[in-house]
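# Report on the structure
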Amino acid sequence: MSSDDAIPARPFGAVGTAMVTPLTPDASGLDLDAAQRTAAHLVEHGNDLLVLGGTTGESPTVSDAEKLELVRAVREAVGDRATLVAGVGSNDTRHSVELARASAELEIDGVMVVTPYYSKPSQEGIVAHTRAVADATDLPVMLYDIPGRAGVGLSTDTLLTLAEHERIVAVKDAKGDLHQATVVMARSGLAYYSGEDALNLAWLALGAAGVVSVVGHAAPRLEADLVQAVDAGDLAHARAISARLAPLVEALMDRIPGVTAAKTALMLQGVLPHAAVRLPLVAPNPEEVADLAATLGAADGIPPLTRQP
């Protein structure tokens, strides 16, 4: 069997980034020019999937109108060079349905539906919620399973039930249950995307379709190279790339919140003019910026720093 025979189906592409939402310096509005530069930068460095309006896009504090503006601007910037998926999930089914319908009127390729958070609904409630959003448009749906934020995860039975819906085609997994995913992939057509940068190689080796990365903001080409190495069946090379990414995963995901770390990395690399975020997020302190800059400066195979802390 050739390596091509082992490449999984990819309904949304393979190399994805959960893109930040660039803001004005006082965070009062969107910086659409910076959003277009960021999207173009990611695509030019190997991304074929951008997820907009997710948690890393500050979805709790970005309005629906702003999310739609962002989609329009990014599509204009990248054209058909990347698949665009809009985050439409919330813990209010009516709100999610309305946002999905509004997104479907734009040039969007799919929607992502996070498990309803804070309310901690039953599995039956999750199924009803997700089906309502999937029924609201003709767009394919990516589930987002992240119990660390949502408070409740998707059970195996729920995943298999939702997989029966013709438009629910993928899962972005930030739960890390590799055994559950093995079972679900064997018993359904759901494609998995790694939503946890520390496990990207493990997910790809298991048969995941691709990644939706945060670290990819700082190292988009390395993420693309990782996927390509696994596709080629070159596990030794994939392990070497994963080892190069490991310090970046620690710096961007463990020391400071991923949103602020990603924006700061893009600022240091000259893609963003600044790293403004909206409360309750706050900018990293000077020591944290210096630490991130040191890690980025020591990394091999990523865009060089054009600014110093």
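Residues numbered from 1 in each chain as written. Predicted model: local features only at pLDDT ≥ 70, side-chain atom pairs only at ≥ 80, totals over all residues. Heavy atoms only, no water.

Per an unreviewed UniProt entry, the recorded name for the protein is 4-hydroxy-tetrahydrodipicolinate synthase, and the organism is Brachybacterium phenoliresistens. Check the Sequence similarities (unreviewed entry) section of the UniProt entry for the protein; it says "Belongs to the DapA family." Under the heading Pathway (unreviewed entry), UniProt records this for the protein: "Amino-acid biosynthesis; L-lysine biosynthesis via DAP pathway; (S)-tetrahydrodipicolinate from L-aspartate: step 3/4." (UniProt positions renumbered as here; feature names shortened; annotations may be inferred.)

What follows covers the overall build of the protein. Summing up its helical and strand segments, the protein has 12 helices and 8 strands in all. Over its C-alpha trace the protein gives a radius of gyration of 18 Å, about what one expects of a compact globule, namely 19 Å for 309 residues. Viewed in the frame of its principal axes, the protein has a C-alpha envelope of about 50 × 50 × 35 Å. Evaluated residue by residue, the protein yields a buried proportion of 55% over its 309 residues. Taking the intrachain contacts of the protein between residues at least 6 apart in sequence as the baseline, contacts between residues at least 24 apart amount to 72%. For the protein, the exposed area adds up to about 12,600 Å²; of that, 51% sits on carbon and sulfur atoms. On the protein, the mean spot of the 22 positive side-chain charges and the mean spot of the 39 negative ones are 2 Å from each other. (Helix = DSSP H or I, 4+ residues; strand = E, 2+ residues; numbered from the N terminus. Rg over C-alpha atoms; globule rule 2.2 N^0.38 Å. Buried < 20%, exposed > 50% of the residue type's maximum accessible area, 1.4 Å probe, protein only. Contact = heavy atoms within 4.5 Å. Areas by Shrake-Rupley, 256 points an atom, 1.4 Å probe, with all protein chains shown as cover. Lys, Arg positive; Asp, Glu negative; His and termini not counted. Charge placed at Lys NZ, Arg CZ, Asp CG, Glu CD.)

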